[in-house]
Amino acid sequence: MSKHDTHADHHHEELPFWRKYIFSVDHKVIGVQYTITALVFLMFGFALMMIMRWQLAYPGQPIPFIGKYLGDTIALDGILSGDGYNAFGAMHGTIMVFLAIVPLGVGGFGNYVLPLQIGAPDMAFPRLNMASYWIYLPGGIIMLASFFMPGGAANSGWTSYAPLSVIATTGQTMWLLGMVFLITSSLLGSVNFIVTAVQLRAKGLSFFRLPFFVWAQLVTSFLLLLAFPPLEAAAVLQLMDRVAGTSFFMPTGLVVSGVEQAHLSGGGSPLLWQHLFWFLAHPEVYVLILPALGIISEIIATNTRKPLWGYKSLVYSAIFLGFMSFIVWAHHMFMTGMGTTLSTFFQATTMIISVPSVIILTCLIISLYGASIRFTVPMLFALSFLPMFAIGGLTGLPLGLTASDIHLHDTYYVIGHFHYVVAPGTIFAVFAGIYHWFPKVTGRMMNSTLGRLHWFFSFIFINGVFMPMLFQGMAGILRRQYDQSEQLHGASAQGLSVMVSWSAWLLFVAQIPFIINFFWSIWKGQKVGANPWEATTLEWAAPSPPPHGNFDTVPVVYCGPYEYSVPGKKTDFCPQHVVA
Amino acid sequence: MSHHEMTAEEVSHHVRTYLKVFGALLVLTVITVGVFYLHLPIVGAVVVALIVASIKGSLVACYFMHLISERGLIYWILALCALFFVVLLLLPVITDHEAVGTVTH
Amino acid sequence: MSAAVAIPHDMEPHPVTGMYNGKFGLWLFLASEVMLFGALFSSYVLLRMGAPEGTWPKHGAEILNVPLATFNTVVLITSSVTMVMAWAALKMNNIARGQLFLTVTFLLAGAFLVVKYFEYSEKFNHFEVWLKEPMVVDGNSVSSIRGHLAKDCPPLTKETHIRAFAIPEFILLDPDAPAGSKEHPPTLRIDGGNIRRISDFGPAHSTFLATYFTLTGLHGLHIIGGMVVILYFMLTGSRFAQKRPDKYADRIECTGLYWHFVDLVWIFLFPVLYLL
Amino acid sequence: MQAPMHYGRWLPPLLSEHGSQIDHLIDVLHVFMGVLFVGWGIFFLYCLTKYRQRPGHTARYEPVKGTVSKYAEIGVGAFEAFLLVGLSMPVWSAYKNDPPAPAERFEVRVVAEQFQWNFHYPGKDGKFGPTRADLISASNPVGLVETDPAASDDIVSVNEFHLPVGRDIYVRLTTKDVIHSFAIPTMRVKQDAIPGMEIPIWFKVKEDAKSEAIRERMTQVFPMRKANWYRLRHHIATQDYKDKDGQVLLARGQDLGATYEAGQELLEKLEKAGVTELSMQPRNPLEVICAQLCGNSHFKMKAQMVTHDDAGFAAWVEEKSKVIEFDDF
Ligand code: HEA
Ligand code: HEA
Ligand code: CUA
Ligand SMILES: [Cu+2]
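Our subject in this report is the structure included herewith. Every value quoted in this text rests on a predicted model; they were computed, and no experiment measured them. Every chain is numbered on its own, with residues counted from 1 as its sequence reads. Here every chain gets a letter starting at A, and every ligand a number starting at 1, in the order they are written. Only residues with pLDDT of at least 70 get local features here, since the model is predicted, and only at 80 or more are side-chain atom pairs given and counted; chain-wide, interface and lining totals rely on the full set of residues. Hydrogens and water are ignored here; the side-chain numbers use all heavy atoms of the structure.

Before going further, it helps to examine the site of ligand 1. Close contacts around ligand 1 come from 35 residues, with A:Tyr286, A:Asp405, A:His409, A:His417 and A:Arg479 the closest. Within the backbone of A:Leu399, an N or O atom sits 3.2 Å from an oxygen atom of ligand 1. The separation between an oxygen atom of ligand 1 and a polar side-chain atom of A:His409 is 2.7 Å. The helix and strand labels rest on DSSP assignments: H or I over at least four residues marks a helix, E over at least two residues marks a strand, and numbering proceeds from the N terminus. Elements represented by at least two residues in the shell around ligand 1 include exactly helix H7 (270-304), helix H9 (340-366), helix H10 (377-400) and helix H12 (412-442) of chain A together with helix H1 (19-50) of chain D. Only heavy atoms are used to decide nearness, and a residue is near a molecule or strand if one of them lies within 4 Å of it. Any N or O atom pair separated by 3.5 Å or less is treated as a polar contact, with the protein-specific requirement of one donor-capable and one acceptor-capable atom, and with residues adjacent in sequence counted only for side-chain atom pairs.

In structure tokens, the structure reads:
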């Protein structure tokens, strides 16, 4: 390991700006690049939804202020069109999942924190790491550019079910190309993460001394590594259908708009797409939640001043969760005409997979018992994550049982379910993580008053957005509806839509303190030292911000990750790199 | 065995193995094609073809890719991969036998 | 990369995996490749099992060229051997010999692609016409006819919005010789009014050919990718090997792993597509 | 008059036989979820208050010992197993495995397309005429081979789903183009229509669920302040509303108008005329909707569902099978 020390000489060597901040190979710079880019996409995804929410609250009314700038295909006379609505919806889903949340959780936090937490000088393959980012970005740009294609962006839902997506306008081709880029980027990233986490651990840092965050990232990477390729295959097949005239997903005898599609060879299977898509997309939802759980665990451990309860259960549950997530995918397809044997298998696995989630959540809640809880801003977000994830997770159960799914499938209940896990769930975890690691990245604290304001109003309004959706869904209101009042039962609950929309716009207002805080603190925040939270994991052993190569001296690990309040010690925390 | 400590002699021993494997692969290729011209019934043809291909594949993986002399974690990872690969291959079985509807061609 | 930090296990194997970073990473990458091709194989099986009666050839050889593919199989296997020989030579510090084997590998890969090119282009010159009302060819009433366009047949046009050939006014076709004979039936004139669909033997022809082109095309892309890497090492290898022989051998080992995998995929593609 | 019935914010009215088991499962599940959430929540809030950081209080290093969590987890698992085996699987297997006997059931072919529902009835002879894709046109939406004798009395009804109550309805579901989903919230029925496949599904409408009766039961009085065009766009007045001069502003059987603007204007007029509440009922109380995104007018893809008693249904069939009629809307 001696080679390792030599990097110290390199510190002072100045790199040109573009090598240091643009085409950097430093995992920390890349992590920040990912974070900023993904936050911008997050904002954009939210903006699309705020426009859609206007149409949902006041169907057929011109969109105020911006309606006239959206162009005729999207909004004629300022009124969002059906195609425009579908394109916005599909792009909201795609952007949020593939361009915002995953890049935040994995590309941003994983990249920045993981090498630090394992005491590594960088990722195993720094240049590959740079390549991941520079493949992700064009993927995102291709997605956005598709808005300017004739016919607009992809409008067949983020799920892109064939044959609808095959006969859709050019935007869909861009969507597929964009996906190929994003998948490639994720695959390279996951290889890098696994090698890093396995091979670059500091001396003494055995697997069961890894912070839970690292475990979460490791499992996530395996999910990406093994689940994404089938979607890549599916994307290739759909591209062939769209560009080369094949019929992988087009059955024989299709009649579109009254015209028989006799030029098709036929013989394809529309359900094949769904199987390949969900083979990825179910593991993908755990890709969204696992890094979030990792972040939350770190923050809870730090702010309860005691070890996480059931560390090993957490680890085994995460591994089991990852494993099971490969065999539940068809619970998204119960209504496609599935027979009893198969549906029994998939509802059983779905019920089984909920158990490790219950264990994880239980461990985190029991960790609060006997603690000394510091209500810092990151902790506020982390604490509210728990009941929010619980609501999201619990509402997954009625969807996982076929009988109740008959009524709830494709209703707003599904929308409510997964937004509870991804929005007040993952987004809150992301906020928590930003407040928590901001001092590490910049050497400055974020303002706590603004942070509390941000937390309080976000918490209120995000529930205002998603709670009514569960009721709408119960009432049978379908998702992906341009105008819910077109149907009788939708019209009867139209009032809820208005409430949701106003909550969503106010939720946006609640983000203003955060944005101000974020930029203000970069330059004006209170300066802090290496370990402002008095935490134990290795990232806090490096200076804030850490230099290229991360550590001044190569850390050696002597104990587990969360040695807080050890009896008989002067301080209430024992960092991992300090001899016990 | 880590290749770093490998001596020239060991390597030349390896080379002899490679040539033997090469010969085996060629023979198996001939068998594959030969069996095809026998026009076996479909089930038999599939079984023979896949068995021969699997043998060839294993030879390549074990000897050219040195899998036989690897150890540790990588086996577990590949086993996991193989497992999910099998799950993927079950997909056709799943959709074929389970669709409640009838296909209308 | 002067400012690069030194990464642990860049060269020496890690006790947990027994591998240096690059090799471990490459294996992981190959695991994901297995899932990629696995999904495609399983799509193939699914589509074939669900194929409507008579739309899937009895076996690929009905349409594809087995001798060419057999030849290509041998070429690819040989290239795998030369690849591993290149690595062995480098291990024995015989750089010149290593580079030579690398070059041979590259040439064999090129040969594979050239053969593939001929296989592909033959398909794009061969047509099938599906009829609305059956016609009598060679004494048999048939509802679809395969053949090559006659010399004086007006050229066909692709209709971009449906990604298929537009139905022409009429077509002059030299039908294929019936099975077991070498004699072509006389040129046929088929009226556009009786044509239901017309296609070359490209991917749009049938789901079988769609699968064939997708799988072999993707495999071909992998070959090209490998060739780019090999070419890079052919050009820069000698200097690299002079400076860091161990590291260079590692690089070639990783390249080899990838290359053998590409070979391995073909070992399965060949019987599955051509013989079954 | 029977008890009132509404669409609202919880489950829609239940009008099919099998639906009660689904509703039962949904109820039990939500109670279970509520218990878990509240139980965990109480513990959570307790910890937050009891163990907040304050002077003199330190965290405990030793992990709490206790088996409560383990039992709770096992309990959750066991209850889930019960839900699965006891409540969900029986419903599903009835929903999928026990089709009513061919002799007893009433069959309808449902052919979905962008963006309408086509209902193909066998007519009086009980035999479906054959169909062919190349015959499909705007006036022949299912591609019926009209020359075939079996087809002569077939009924093809666009966006109107007539059916008898109290009988086993057996729907043979398919689609011409993209994937749609056949959904009837009041029947707790949902099934995707997949091109290239014909998927059967079956259900039975409750005896007392005739459209006419349901409409009456859905009569509701809306205070003016809650009346809003979006909410009432599918409703018709059950009585005349007049202004002071006796001129009818909103006649019995009439709706608020086709657009939001027209509707709000009318509501304003009514309010000026001193109307304080409106008695309205839905024009078509039952709907078949499309639950799978199928294009830009997916939201509009719905059919009116009309349930008759046997005599009423027979009369409808009689009337329709006289001539093949395609109401091309
Ligand atoms: C991060 C994302 C995420 C997560 C974690 C989950 C978790 C789960 N999901 Fe969800 N799901 C999605 C994202 C997610 N899902 C998305 C995006 C869709 C829709 C895709 C689309 O169609 O567009 C979807 C759709 C979806 C469906 C398909 C519905 C349909 O279309 O009809 C189903 C069905 O089984 C399902 C089930 C589940 C289950 C059983 C879990 C389980 O893992 C949940 C387990 C968790 C628990 C059981 C909670 C336990 C907690 C407690 C008991 C403690 C409670 C108390 C306090 C703290 C106070 N999900
Ligand atoms: C991770 C995934 C994710 C996330 C986070 C969200 C977040 C939100 N979603 Fe999303 N949604 C989906 C994934 C997601 N969604 C998917 C997959 C679908 C299905 C699509 C389909 O049908 O195909 C969907 C569909 C969907 C619908 C249904 C549309 C329909 O069916 O017609 C609705 C309706 O209201 C909705 C609303 C919202 C709202 C209000 C938020 C809010 O929670 C958003 C809140 C956002 C913020 C709070 C961001 C704040 C950002 C900043 C503060 C940035 C600051 C920047 C800097 C500092 C640089 N979503
Ligand atoms: Cu048809 Cu939605
Ligand atoms: Cu899922």
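Having put the structure on the table, let's press on.
Residues and elements named next belong to chain C. Note on pairing: two strands pair once DSSP finds at least 2 bridges between them. Spatially, E6-E5-E2-E1-E7 is the arrangement adopted by the five strands of the open sheet, whose pairing is antiparallel. Across the chains shown, the open sheet's two edge strands, defined by having one partner strand only, are strand E6 (188-191) and strand E7 (195-200). Recorded for the sheet is a direction-independent mean angle of 50 degrees between the axes of neighbouring strands. Judged from the four bridges that link them, strand E5 (residues 170-175) and E6 form a sheet pairing that is antiparallel. Paired with Leu172 across the two strands is Arg189, which belongs to E6. Every axis in this analysis is a line fitted to C-alpha atoms, fitted for helices over the stretch in contact. Angles between the N-to-C directions lie between 0 and 180 degrees.

It is worth spelling out the pattern of salt bridges at this point. Each reported salt bridge corresponds to a side-chain nitrogen of Lys or Arg within 4 Å of a carboxyl oxygen of Asp or Glu. Per the stated rule, a full pass over the model turns up 25 salt bridges over all chains. Where A:Asp26 meets A:Lys28, a salt bridge forms, and the shortest distance between an N and an O atom there is 3.1 Å. The pair A:Asp26 / A:Lys28 is uniform in exposure class, with both members buried. Residues C:Asp10 and C:Lys247 are paired through a salt bridge, measuring 2.7 Å at the closest nitrogen-oxygen approach. Here C:Asp10, found in the segment before helix H1 (21-49), pairs with C:Lys247, found in helix H5 (residues 245-275); they are 237 residues apart in sequence, far enough to count as distant. Members of the salt-bridge network, linked through shared partners, are D:Arg105, D:Glu107, D:Arg109, D:Arg172 and D:Glu198. Each residue is placed in one exposure class: buried if its accessible area under a 1.4 Å probe, protein chains only, is under 20% of its type's maximum, exposed if it is over 50%, and partly exposed if it falls in between.

In this complex, chain A contributes 102 residues to the contact, which on the side of chain D involves 88 residues. Accessible surface is computed with a 1.4 Å probe, and the buried area is the amount of it that two parts give up when combined, taken over both parts together. Overall, the association of chain A and chain D removes approximately 8,400 Å² of surface from exposure, summing both partners, and the carbon and sulfur fraction of that is 68%. When the area that chain A buries against chain D is broken down by residue, the three leading residues are A:Tyr369, A:Ile406 and A:Leu488, summing to 9%. Our count for the chain A to chain D interface comes out at two salt bridges. Among the ionic pairs, A:Glu486 bridges to D:Arg233, the shortest N-O distance being 3.1 Å. Run the count over chain A and chain D and you get 34 residue pairs in polar contact (both at pLDDT 80 or more). The element contributing the most residues to the side of chain A that touches chain D is H9(A), with 13 residues. Under the scheme applied here, ten amino acids are nonpolar (Ala, Val, Leu, Ile, Met, Phe, Trp, Tyr, Cys and Pro), four are charged (Asp, Glu, Lys and Arg), and all others, including Gly, are polar. By residue class, the composition of the side of chain A that touches chain D is 56 nonpolar, 35 polar and 11 charged. Note on definitions: a residue-residue contact is assigned when non-hydrogen atoms from the two residues lie within 4.5 Å.

Turning our attention to the packing of aromatic side chains. Classification of ring pairs uses Phe, Tyr and Trp, with its six-membered ring standing for Trp, and accepts pairs whose centres are within 6.5 Å; under 30 degrees between planes counts as stacked, over 60 as edge-to-face, and the remaining range as tilted. If you walk through the whole model with that rule in mind, you get 85 aromatic pairs over all chains. Each ring, one from A:Phe249 and one from A:Trp273, has its centre 5.6 Å from the other, and the planes form 80 degrees; the classification is edge-to-face. Of this pair, A:Phe249 sits in the loop between helix H6 (212-244) and strand E3 (255-256) while A:Trp273 sits in helix H7, and the two are 24 residues apart along the sequence. Through a chain of ring-to-ring contacts, the aromatic side chains of A:Phe381, A:Phe428, A:Phe431, A:Tyr435, A:Phe438, A:Phe514, A:Phe518 and A:Phe519 assemble into a single cluster. Criterion for a charge above a ring: Arg CZ or Lys NZ at most 6 Å from the ring centre, at most 35 degrees from the ring normal. Here the guanidinium or amino end of A:Arg201 rests over the ring plane of A:Phe207, the centre of that ring lying 3.9 Å away. Positioned above the aromatic ring of C:Phe165 is the side chain of C:Lys158, whose terminal nitrogen or guanidinium carbon lies 4.7 Å from the ring centre.

As a further point, take the interface of chain C and chain B. Counting residues at the interface gives 57 residues for chain C and 52 residues for chain B. For the pair chain C and chain B, the two sides together bury roughly 4,600 Å², of which 82% comes from carbon and sulfur. Ranking the residues of chain C by area buried against chain B places C:Trp27, C:Met35 and C:Leu276 at the top, with a combined share of 12%. For the interface between chain C and chain B, the tally reads one salt bridge. Linking C:Lys23 and B:Glu70 is a salt bridge whose minimum nitrogen-to-oxygen distance equals 2.7 Å. Taken together, the elements giving at least two residues each to the side of chain C that touches chain B come down to H1, helix H2 (66-91) and H5 of chain C.

Residues and elements named next belong to chain A. Donor atoms: N, O and S within 2.8 Å of the metal, or within 3.2 Å for Na, K and Ca. Because water is excluded, sites can look incomplete. For the iron atom of ligand 2, the full set of protein donor atoms is His92 (NE2) and His419 (NE2), and the range of their distances to it is 1.9 to 2.0 Å. For the iron atom of ligand 2, the six donor atoms in the first shell make angles of 88 to 179 degrees at the metal, so the coordination geometry reads as octahedral. Of this pair, His92 sits in helix H3 (residues 82-117) while His419 is found in helix H12, placing the two residues 327 residues apart along the sequence. When its relative accessible area of 11% is taken as the criterion, His92 is described as buried. Residue class for His419 comes out buried when judged on its relative accessible area of 12%. A site with four donors is called tetrahedral when every donor-metal-donor angle falls between 85 and 135 degrees; four donors are called square planar, and six octahedral, when opposite donors sit more than 155 degrees apart and all other angles fall between 65 and 115; any other arrangement is irregular.

What is shown is where atoms sit, not what they do.
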